[in-house]
Amino acid sequence: MARCRIVNPGPLTTVQDLGRWGGQSLGYCIGGAMDIFSLKAANLLVGNEPEAAGLEFTYQGAEIIFFGRTLIAITGAEMGPMINNNKIPQWETIQVNNGDVLSFGTAHSGLRAYLAVKGGFDVPAIIGSRSTSLKEMLGGVEGRALRNRDLFNIGGVDKRCSVILKRMKKEHIPFRRCDGPIVLRTVEGPHQEYFSKKGEKTFYSAEYTVSKDADRVGYRLEGERIEHKGEAGKLISLGMVTGAVQVPGNGLPIVLTAEHRTHGGYPCIATVITIDMPKLVQCRPGDTIRFEKITLKKAQELLEDEESFFNDFDLKYVEKREVYVR
Amino acid sequence: MNERGVYNKPIIRPFGDSCLILEVGDQISYEVHLKVKRTYFYARDRKPKGIKEVVPAYSSINCHYNPSEISVRNVEAFLQQAFEAKGEIEEAVPRRIRIPTVFGGEYGPDLERVASFHRISQEKVVEIFTRGEYLNYFIGFMPGKPYLGGLPAELETPRLDVPRTHLPSGTVVLYGKQVAIFGLPQPSGANCIGRSPIKVYDPSRENPVLLRMGDYLKFYPIEKEDFVRIEQEVMSGRYQLEIEEIREAVYGKV
C-alpha cells in the first residue's frame, strides 16, 4: 500500500469515477467524471478497472506528495504536469517514488485533467460509487472539493518486481482544438415537436458560445435564440439524461452535464451523443460549438466503437515496456 | 386513451443514445401515476442485463441502458411488456405520513405573498393547505425530494420573480400546482410557506430517503417551540414519525 496527500488542491479538484448509477429514483444525480474517456484511459494506463476513482482537476492541477512507490497516469486537458519540478508526459504510466511531489501548471488547452493512481483513491462508496456530488454534499471526501492535507490510501508497487509502463499511441490521444467551433453530434429530440421549423434550423446551423455559466451541472450557451412552437411551458417534468439539450423559454440552449438534476421540465431539442460529451466539457467560457444531427443507429455504432477501443486498449492502442523496480 | 390520460398504447422514444422514455400518459393524474408506478416496479425488479436503471416521473419512465449489451429493440420490447404486465406486482404500500410544520414568519417568508395573491388571510392559507393530503408522485431533483401533487386550486400561486438563493432543508414550498419539501438546502423560486423539522433526507440514517413513491403527506401546523423540540428529537433519533400504511385500494382523490 502507498499513500498520497494533497499539498495544494488547486481551484476545483474532486474524486470522481464513472458515476452513481441506481440512485436516480431516490433523487441522487449520476455525476462522475465529466470527461469519461480521459478517466477510463488514465485508469487503464495504471492497470485499474476503468471505473476506479481518480481525481478530476479543473483548469489547474493539485500539488500532491506521494508516500511509497506507485504508478500514476494523467490524461485529459494538457496541464504541464511535473514530478519534483521535472516535466512528465501525459497519457502514459509514470512510476513515482516515496517523497515525490506531483505538481501542475494551468491548462494550455481544455479544462479538465484526470489523475489515476494504481488501485484508485480509497474513499467510501455510496450507492456503489465514489464520485463527489458537490450539490448533494456526498461522495468523495465528505462530499466536497479537496483541501490541503487530504490524505488517501492508494495501491503501491512492491520492491523487486517488474511493472508494465504503457504509453497511449499518439494518434489515439484526443486532440482538443480551440481555433474554431467544435462539432457536437446529437440524436434528435426527444421533444423536437416543441420547436418550430425555424427553431430547429437555428439549432443545427447557428454557432453557440459557452457562457460563464458552465459547470459540472450544465453548460449554458449563448447565441441565436431557438424558436419554440406553441407553449414551451406545457411539458410535464420527466427524467433527464447527460447530454440533453434543454431549451427554456428564453430560447438559449443548456447542455446537461454529469451532475445535472435527475428530473427537469424544459423541452429538449436534441441530445448530445455520449462519446462527444468529453469534447464539450473540455470547453471553457468563450469557446464555440456547433450541433449536428446523426441517427440513433450511427450514435450507437460510435459508442460501441469506443467500447471496443477500451476493451482492446492494452492490445492495440498502447506501446508497452516492462521495467524492473529495485 | 382513457379519460384520465392513460394511453392504450405507450409511446416509446429515444432520449440520446443510451436511454428510452416510456410515456404512459399525457397528464398529471392519479390514474397515470398508478400506471407509472406499476410499470416502474415491474421494470425495476425484472430488468434484463444491459439495463442500468429505470427512473419514474409523473407520466413517464426513463430506461437507461448500455447499447453494447442490449439492443434498443429488446429494451423497447421489455418496456412494452412492463406496460402491459397484469397480475401481482410487488409495489410499495402507500403510507400516510404526518409532517409537523411551522407556517409563516421567518420559517415561511412567502406565506404573506401567497395570502395577498389570493386576497385571503395567512391563517386561511394554512387552513386550506393543511386540509388536504399530498400525493408523492415520485422522488427526484435532489436526494429525497418528493414531487407532491394535490394542491387545492385556490392556492395555486406563481413562482417568485427572483428566486431565493438559499432555503434550508425542511422548507415547505408551493409553486403552480405543485408542493415540495426540501431534503437539502437549495436555491428556489417557489413560494416558501413553512418549514418542518422532519428530514425527508438524512445521510446519517440507514435509509437516508424517507419517502416512497405513492406516499401521502399530511401537513399540520405547529408552533416554533414545537419545532425546536421535534428537531432535537429528530437529531437524537428519538422522534417517532406519525406514519400509517394505507391498505384500502380506493384512495384516488387527488
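Residues numbered from 1 in each chain as written. Chains lettered and ligands numbered in written order. Predicted model: local features only at pLDDT ≥ 70, side-chain atom pairs only at ≥ 80, totals over all residues.

A. Representation of the domain arrangement of chain B in the model. All names here are of chain B. As far as domains go, chain B holds domain 1 (6-84) and domain 2 (95-245). Using C-alpha coordinates to define each centre, domain 1 is positioned 30 Å away from domain 2. At the junction of the two partners, domain 1 supplies six residues and domain 2 supplies eight residues. (Domains from an automatic or database assignment. Contact = placed C-beta atoms within 7 Å.)

B. Main features of the environment of L79(B). Residues and elements named next belong to chain B. Residue placement: L79 occurs in helix 2 (residues 72-84). Separated by 17 residues in sequence, L79 and N62 place their C-alpha atoms 9.9 Å apart. Excluding its chain neighbours within four sequence positions, the residues that come into contact with L79 are I12, L20, L22, A43 and C63. (Helix = DSSP H or I, 4+ residues; strand = E, 2+ residues; numbered from the N terminus.)

C. Broad picture of the domain arrangement of chain A. All names here are of chain A. Its domain assignment divides chain A into domain 1 (2-175 + 312-325) and domain 2 (182-294). Computed from C-alpha coordinates alone, the two centres of domain 1 and domain 2 are separated by 29 Å. Contacts between the two partners involve 20 residues from domain 1 and, on the opposite side, 14 residues from domain 2. Broken down by secondary-structure element, the contributors of at least two residues to the side of domain 1 that touches domain 2 are helix 1 (36-45) and strand 10 (109-117). The class makeup of the residues in the side of domain 1 that touches domain 2 is nine nonpolar, eight polar and three charged. (Nonpolar A, V, L, I, M, F, W, Y, C, P; charged D, E, K, R; others polar.)

D. Seen up close, the interface of chain B and chain A. The interface of chain B with chain A comprises 31 residues on the first partner and 31 residues on the second. Looking at the side of chain B that touches chain A, the elements that each hand over two or more residues are strand 1 (6-14), strand 2 (19-25), strand 3 (51-56) and strand 4 (60-65) of chain B. Sort the elements by how many residues they give to the side of chain B that touches chain A and strand 3 of chain B lands first, with four residues. A per-class count over the side of chain B that touches chain A returns 18 nonpolar, eight polar and five charged.

E. Structural view of the sheet that holds strand 2 (residues 13-16) of chain A. All names here are of chain A. As summarised here, the arrangement of the five strands in space is 2-3-10-5-8, forming an open sheet in which the pairing is antiparallel. The open sheet is flanked by strand 2 and strand 8 (93-96), the only strands paired with a single partner. Along the sheet, successive strands turn relative to each other by an average axial angle of 30°, direction set aside. (Pairing = 2+ DSSP bridges. Axes fitted to C-alpha atoms, helices over the stretch in contact; angles between N-to-C directions.)

F. Highlighting the pairing of strand 1 (residues 2-8) of chain A. As paired strands, strand 1 of chain A and strand 11 (residues 151-154) of chain A are joined by four bridges and run antiparallel to one another. When the sheet's bridge partners are listed, A2(A) is paired in strand 11 of chain A with I154(A).

G. Focus on unusual backbone geometry. Residue and element names in this part refer to chain A. Across the junction of G189 and P190, the peptide omega takes the value 15°, indicating a cis bond. Within the fold, P190 resides in the loop between strand 13 (182-188) and helix 2 (197-205). Phi at N85 takes a positive value of approximately 70°, unusual for a residue other than glycine. Locating N85 in the fold gives a position in the loop between strand 6 (82-83) and strand 7 (86-87).

H. Spatial organisation of the sheet that holds strand 9 (residues 101-103) of chain A. Strand order in the open sheet made by the six strands is 7-6-9-4-1-11 (chain A), with antiparallel pairing throughout. Both edges of this open sheet fall to strand 7 and strand 11 of chain A, since each of them pairs with a single strand only.

I. Representation of the confidence of the model for chain B in the model. This prediction gives chain B a mean pLDDT of 92; 96% of its residues lie at or above 70. For this predicted complex, the interface score ipTM comes out at 0.95, while the overall pTM is 0.93. (pLDDT = per-residue confidence, 0-100.)

J. Structural context of the nonpolar core. The biggest cluster of nonpolar side chains holds 155 residues, and the ones touching the most others in it are A42(A), I72(A), Y114(A), A116(A), C63(B), L79(B) and I193(B). Per element, the largest residue contribution to this core is seven residues, and it comes from helix 1 of chain A. (Core = buried A, V, L, I, M, F, W, Y, C linked by C-beta atoms within 7 Å. Buried ≥ 20, exposed ≤ 12 C-beta atoms within 10 Å, placed from the backbone.)

K. Expanded view of helix 4 (residues 122-131) of chain B. Residue and element names in this part refer to chain B. All of the buried residues in helix 4 are V125, V126 and F129. The buried residues of helix 4 occupy one face: seen down the axis, they fall within an arc of 95°. Of the residues in helix 4, the exposed ones pointing more than 90 degrees away from the buried face are E127 and R131. Next to the buried residues of helix 4 lie strand 5 (95-103), helix 3 (111-118), strand 12 (191-195) and strand 13 (216-221). (Arc of directions from axis to C-beta.)

L. Quick peek at the environment of I139(B). Within the secondary structure layout, I139(B) lies in strand 6 (residues 134-139). Given 30 C-beta atoms within 10 Å, I139(B) falls into the buried group. Residues I139(B) and Y175(B), spaced 36 residues apart in sequence, show a C-alpha to C-alpha distance of 17 Å. Filtering out sequence-adjacent residues up to four positions away, I139(B) remains in contact with S25(A), L26(A), G27(A), G144(B), K145(B), P146(B), V209(B), L211(B) and M213(B).

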